[in-house]
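Structural overview
The lines below spell out each chain.
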Amino acid sequence: MNSLTVIVPFYNEEQFLESSINRLIKTQIADEIYLVDDCSTDDSSKIAKNFVSKYKSINYMRLDKNQGKGAALSSIKHLIATSHIAVHDADLEYDPSDLCEMFNYTLHNPDSLILGSRFVGDKDRKNRYSRTFYANKFLSLFFSIVFQKKISDIATCYKILPTKVFKNFELKEKGFSIEIEMLSKFLKFNKSIIEVPIKYAGRSYDEGKKIKATDGFKYLFSTVKYKFLN
């Protein structure tokens, strides 16, 4: 029987964190939820701890210093006991109801990586800024050529993968390039990646969006690096 741990890494997300976690809880898809605080300086930690006090399945961990999303994911690898893991960003750009559909694919494909794509299918997508849209398209094409595996959305947050594979990853990236590292390392275990259409509602930089243009160059560098290195 497959089971799911959802990891929620966050840093200074007091504006969206409560709504994001409530939406995740409402899906009832997670057997365990880990809220990983990347040393927030606002009231995010208070919000997270409030959920822990109310739900036995929700756990909280705080990093000693701000290190990035990759470090947040690595910090709890040893605690996961479910068959699969998913990553859910703490903002409201992604809809956790999509995780339910994605998780269904693990029933007949337990060893595959299930990837939530914002570029396939016709699900509702709002506030897709042209600069990031075309940048993601280009970066995904570049990755697909380098790895000779067509992937439509390499920068997506939504991934469900077997815990046994995730625990074998020696993650090095601390920031957003963790998405490239995880995809690259999974392809060295297994070529089976199933893309599932997901919804998306992009937020502006005024609302706290953190990814920058420089991260695109890091994606390119990481694609080449993890093609040849572990």
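Treat the numbers as computed from the prediction; the structure is a model and nothing was measured. (Residues numbered from 1 in each chain as written. Predicted model: local features only at pLDDT ≥ 70, side-chain atom pairs only at ≥ 80, totals over all residues. Heavy atoms only, no water.)

1. What about the overall build of the protein chain?
Stated formally: Secondary structure follows DSSP: runs of H or I at least 4 residues long count as helices, runs of E at least 2 residues long count as strands, and numbering of each begins at the N terminus. What the globule rule says is 2.2 Å times the number of residues to the power 0.38, and the radius of gyration is computed from C-alpha atoms. Accessibility here uses a 1.4 Å probe with only protein chains present; expressed as a share of the type maximum, an area under 20% marks a residue as buried, one over 50% as exposed, and anything in between as partly exposed. Here, residues are in contact when the closest pair of their heavy atoms is within 4.5 Å. The accessible surface values rely on the Shrake-Rupley method and a 1.4 Å probe; as for residues, cover is taken only from the protein chains in view. Charge assignment in this entry is limited to Lys and Arg as positive and Asp and Glu as negative, and neither His nor the chain termini are counted. Lysine's charge is taken at NZ, arginine's at CZ, aspartate's at CG and glutamate's at CD.
Within the protein chain one finds 8 helices and 9 strands. Relative to a compact globule of 230 residues, whose C-alpha radius of gyration would be 17 Å, the protein chain shows 16 Å and is just as compact. In the protein chain, which comprises 230 residues, the proportion classed as buried is 51%. Counting contacts in the protein chain only where the partners sit at least 6 residues apart, residues at least 24 apart contribute 80% of the total. Counting every atom, the protein chain has about 11100 Å² of accessible surface; 53% of that belongs to carbon and sulfur. Considering the protein chain, the positive charge centre built from 35 side chains and the negative charge centre built from 28 side chains are found 5 Å apart.

2. Some details on the nonpolar core
Which entries qualify depends on this criterion: As used here, the term nonpolar core means buried Ala, Val, Leu, Ile, Met, Phe, Trp, Tyr and Cys residues forming a set that is joined through side-chain atoms within 4.5 Å.
Within the largest apolar cluster, 60 residues are counted, with the highest numbers of intra-cluster contacts made by L35, L99 and F166. Once residues within four sequence positions are removed from consideration, L99 is found in contact with V6, L24, I29, A86, Y158 and I160.

3. Structural notes on the environment of I178
Within the secondary structure, I178 is located in helix α7 (residues 178–189). A sequence separation of 21 residues divides I178 from K199, and the C-alpha atoms of the two residues are 22 Å apart. If we skip the residues at most four places from it in the chain, I178 touches K69, G70, L73, L171 and E173.

4. So, a positive patch on the surface
Basically, it comes down to this: Only residues whose relative accessible area exceeds 30% and that take part in no salt bridge are eligible for patches, with like-charged residues grouped when within 9 Å of each other and nonpolar side chains (Val, Leu, Ile, Met, Phe, Trp, Tyr) grouped when within 5 Å. Only one rule defines a salt bridge in this text: a Lys or Arg side-chain nitrogen within 4 Å of an Asp or Glu carboxyl oxygen.
Residues K172, K188, K191 and K227 make up a contiguous surface patch of positive charge. If you trace the backbone, K227 turns up in helix α8 (residues 213–228).

5. Digging into the side chain of S45
Its place among the elements puts S45 in helix α2 (residues 44–54). Among the residues examined, S45 registers a relative accessible area of 17% and is labelled buried. When near neighbours in sequence (up to four residues on either side) are disregarded, S45 contacts F10, D37, Y60 and R62.

6. Looking at the pattern of salt bridges
One pass over the full model with this rule turns up 11 salt bridges. Here D111 and K164 are joined by a salt bridge, their closest N and O atoms 3.2 Å apart. Of the two residues, D111 sits in the loop between α4 (97–104) and β5 (113–117) while K164 sits in helix α6 (residues 163–166), which places them 53 residues apart along the sequence. You can call D111 partly exposed: its relative accessible area is 38%. Close ionic contact of K225 with E173 constitutes a salt bridge, the shortest N to O distance being 2.9 Å. Of this pair, K225 sits in helix α8 while E173 sits in the loop between α6 and α7; the two residues are 52 residues apart in sequence, bridging distant segments of the chain. By relative accessible area, which is 15% here, E173 ends up buried.

7. Details of unusual backbone geometry
Most peptide bonds are trans, and most residues other than glycine sit at a negative phi. Phi is positive for Q28, which is not a glycine, with a value near 60°. Inspection of the secondary structure puts Q28 in the loop between α1 (17–27) and β2 (32–37).

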